[in-house]
Amino acid sequence: MHRAYRGGPLALLGSSPTRTRVAARAWRTCNLEDVSSRATVAVLALAVAACSPASDAATSHSGAVVHPKRDHGYPMDDLLRMNHVQVKATHNSYHVETPGNTLADWHYTHAPLDVQLESQGVRGLELDTRYVAEADRFEVFHIPMLDEQTTCRAFGDCLAVVKRWSDAHPGHTPILMQIEPKDFPLDDAEAYFEKMQREILAAWPRERIIAPDDVKGDAPTLRDAVTTRGWPTLGEARGTILFYVDNHDAWRSSYTRGGTSLADRLMFVDSAEGDPLAGVIIINDPADRARIDAAARAGFLVRTRADETGVTEQRAAALATGGHALSTDFPTMFELPNGTPARCNPVTAPAGCTPGAVEDPAHLR
């Protein structure tokens, strides 16, 4: 059960994470805070049920709360799903080149995150994170001492910048946020994960995060859900963010409880196609088009690279794939043809999809 909903009258509804999130949303929407915490299950259930039709709370195709659904004027929001979209993403989105740097791989500087979103058409971001005990917070930078310059040092500040932009543009396609942990605690992994989760939730409310539980719903596995029922529609997911982790070491193993579960976690993890926890797959080389397209057709979200510093010839290859997040070091030099700024995925989008149906500047607000 999500921390924000533990205890109090909502606990009477039982421990199902999905049921709790739905009830909690209805509870807040209908202003039932004055109901006594000693209310019976029947009374509370009736109160929640009675007010739910008037609520703006939306439930996803799986029944889990995703985001209050509002009409932003898009013509295909009940048909197009998250995996029908292709977006521009940035690699190490916080990065600022260190003065005097001589390494070609670090020879790039990004604008602040909100500028990327507002002016450069970026809808996919990447943050490298480290827990800094002295500050008791997660920080965002590349390599200590050698390559530390960043547009936003505190992880929470980075997320808040993105959230403020999202608040002002609620009609945007879901933001795909890649997290690459650069450290891992050896003593108390759960405390570490809890700190990160608290920092995420301090910036983004739970109902505006597309989490594994929301997509899995009542399916046997996350993989089953994305390959059969599919992702939320754009109508359900506009104005939200999806986090996924780039890691295959002890971090990932602990986060997934030994590869068994993402229950109550906020982030997806990079997985192989056959993994029961598969939802997001990172395939960095766009030359591996057959694998990328097969994964996209199966229902997975795929991140690939459009370029690297000094290597730009792979952009055309990336654009031809069914990759969903095409990552670049140079967002002002890489555009999605006909993107506004996102576009229909060339492999997975249904017939009739138009870039304006994916995202239209006229409907962002």
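Residues numbered from 1 in each chain as written. Predicted model: local features only at pLDDT ≥ 70, side-chain atom pairs only at ≥ 80, totals over all residues. Heavy atoms only, no water.

## A closer look at the nonpolar core
Part 1 of the reasoning: Within the largest apolar cluster, 69 residues are counted, with the highest numbers of intra-cluster contacts made by Leu127, Leu242 and Met267.
Part 2 of the reasoning: Look past the residues within four positions of Leu127 in its chain and what remains in contact with it is Tyr94, Leu113, Val140, Phe155, Cys158, Leu159, Met177, Gln178, Ile179 and Glu180.
Part 3 of the reasoning: Ranked by size, the runner-up nonpolar core spans 6 residues in total, among them Ala306, Ala318, Leu319 and Leu336. (Core = buried A, V, L, I, M, F, W, Y, C linked by side-chain atoms within 4.5 Å. Buried < 20%, exposed > 50% of the residue type's maximum accessible area, 1.4 Å probe, protein only. Contact = heavy atoms within 4.5 Å.)

## Re the pairing of strand β2 (residues 122–132)
Part 1 of the reasoning: β2 sits mainly inside the fold: 10 of its 11 residues count as buried.
Part 2 of the reasoning: Bridge count for strand β1 (residues 85–90) against β2 is 2 bridges, and the pairing is parallel. Opposite Lys88, over in β2, you have Val122 as the bridge partner.
Part 3 of the reasoning: Across 6 bridges, β2 lies against strand β4 (residues 175–181) in parallel orientation. Among the inter-strand pairings, Asp128 is bridged to a residue of β4, identified as Glu180.
Part 4 of the reasoning: Relative to strand β3 (residues 137–140), β2 is paired through 4 bridges, and the arrangement is antiparallel. Bridge assignment links Tyr131 to a residue of β3, and that residue is Phe138. (Helix = DSSP H or I, 4+ residues; strand = E, 2+ residues; numbered from the N terminus. Pairing = 2+ DSSP bridges.)

## With respect to the state of the cysteines
Part 1 of the reasoning: Under the counting rule described, the total for this entry stands at 2 disulfides.
Part 2 of the reasoning: Put simply, Cys344 and Cys353 are joined by a disulfide, and their sulfur atoms are 2.1 Å apart. Handedness here is read from the sign of the S-S torsion; for Cys344 and Cys353, about -90°, the answer is left-handed. The exposure classification of Cys344 matches that of Cys353, with both residues buried. (Disulfide = S-S within 2.5 Å.)

## Section: the environment of Lys163
Part 1 of the reasoning: Within the fold, Lys163 resides in helix α4 (residues 155–168).
Part 2 of the reasoning: For the pair Lys163 and Thr240, spaced 77 residues apart in sequence, the C-alpha to C-alpha distance is 9.1 Å.
Part 3 of the reasoning: Apart from the residues lying within four places of it in its own chain, the contact partners of Lys163 are Ala203, Trp204, Pro205 and Arg208.

## Some thoughts on helix α7 (residues 222–229)
Part 1 of the reasoning: Along α7, the residues classified as buried are Leu222, Ala225 and Val226. For α7, the buried positions fall inside an angular range of 90° around the axis, keeping them on one side.
Part 2 of the reasoning: Looking at the packing, one finds that the buried side of α7 touches α6 (212–216), β6 (267–269) and α10 (289–298).
Part 3 of the reasoning: Following α7 by one or two positions, Gly230 has its phi on the positive side, about 95°. (Arc of directions from axis to C-beta.)

## Digging into the confidence of the model for the protein chain
Low pLDDT marks stretches whose predicted atomic positions should not be read closely.
Part 1 of the reasoning: Averaged over every residue, the pLDDT of the protein chain is 85; residues scoring 70 or more account for 81%.
Part 2 of the reasoning: Across residues 1–65 the pLDDT falls below 50, and counting only partners more than four positions away or on other chains, this stretch makes 98 contacts in the model. (pLDDT = per-residue confidence, 0-100.)

## Things to note about the packing of α4 against helix α5 (residues 189–203)
Part 1 of the reasoning: Two numbers describe how α4 lies on α5: the axes approach to 8 Å, and their chain directions differ by 30°. Judged on the interaxial angle alone, α5 and α4 are roughly parallel. Between α4 and α5 the crossing geometry is right-handed. Mapping the contact onto sequence places Phe155, Gly156, Leu159, Ala160 and Lys163 in α4 and Met196, Glu199, Ile200 and Ala203 in α5.
Part 2 of the reasoning: Considering only residue class, the contact of α4 with α5 consists of 6 nonpolar, 1 polar and 2 charged. (Axes fitted to C-alpha atoms, helices over the stretch in contact; angles between N-to-C directions. Parallel < 35°, antiparallel > 145°, perpendicular 65-115°, else oblique. Left-handed = near helix turned anticlockwise from the far one by under 90°. Nonpolar A, V, L, I, M, F, W, Y, C, P; charged D, E, K, R; others polar.)

## Regarding the environment of Glu148
Part 1 of the reasoning: For Glu148, the location among the structural elements is in the loop between β3 and α4.
Part 2 of the reasoning: Using a relative accessible area of 22% as the deciding quantity, one classes Glu148 as partly exposed.
Part 3 of the reasoning: As a C-alpha pair, Glu148 and Thr98 span 50 residues in sequence and 7.3 Å in three-dimensional space.
Part 4 of the reasoning: Engagement of the side chain of Glu148 in a polar contact is seen with the side chain of Arg153, the distance being 3.0 Å. (Polar contact = N/O pair within 3.5 Å; in protein donor to acceptor, adjacent residues only side chain to side chain.)

## Comments concerning unusual backbone geometry
Part 1 of the reasoning: In this structure, Pro341 follows Thr340 across a cis peptide bond, with omega equal to 5°.
Part 2 of the reasoning: Within the fold, Pro341 resides in the loop between β9 (325–328) and β10 (343–344).
Part 3 of the reasoning: In this structure, Asp264 takes a positive phi of about 65° despite not being glycine.
Part 4 of the reasoning: As for its placement among the helices and strands, Asp264 is situated in the loop between α9 (250–255) and β6.
Part 5 of the reasoning: Asp264 sits in the partly exposed class, given a relative accessible area of 28%.

## Comments concerning the pairing of β9
Part 1 of the reasoning: Side-chain alternation along β9 places Ala325 and Ser327 on one buried face and Leu326 and Thr328 on a second face that is also buried.
Part 2 of the reasoning: With 4 bridges joining them, β1 and β9 adopt parallel strand pairing. When the bridges of β9 are listed, Val87 appears paired with Ala325.
Part 3 of the reasoning: In terms of strand pairing, strand β8 (residues 301–305) meets β9 through 3 bridges, oriented parallel. Bridge pairing links Thr304 to Leu326 in β9.

## Some details on the pattern of salt bridges
Part 1 of the reasoning: Taken as a whole and assessed by the stated rule, the structure comprises 20 salt bridges.
Part 2 of the reasoning: Among the salt bridges present, the one from Lys163 reaches Asp167, with a minimum N-O distance of 3.0 Å. Of this pair, Lys163 and Asp167 both sit in helix α4, 4 residues apart, roughly one helical turn.
Part 3 of the reasoning: Take Lys163: its relative accessible area is 15%, and that puts it in the buried class.
Part 4 of the reasoning: Within the structure, one salt-bridge network assembled from shared partners comprises Arg137, Glu139, Glu148 and Arg153. (Salt bridge = Lys/Arg side-chain N within 4 Å of Asp/Glu carboxyl O.)

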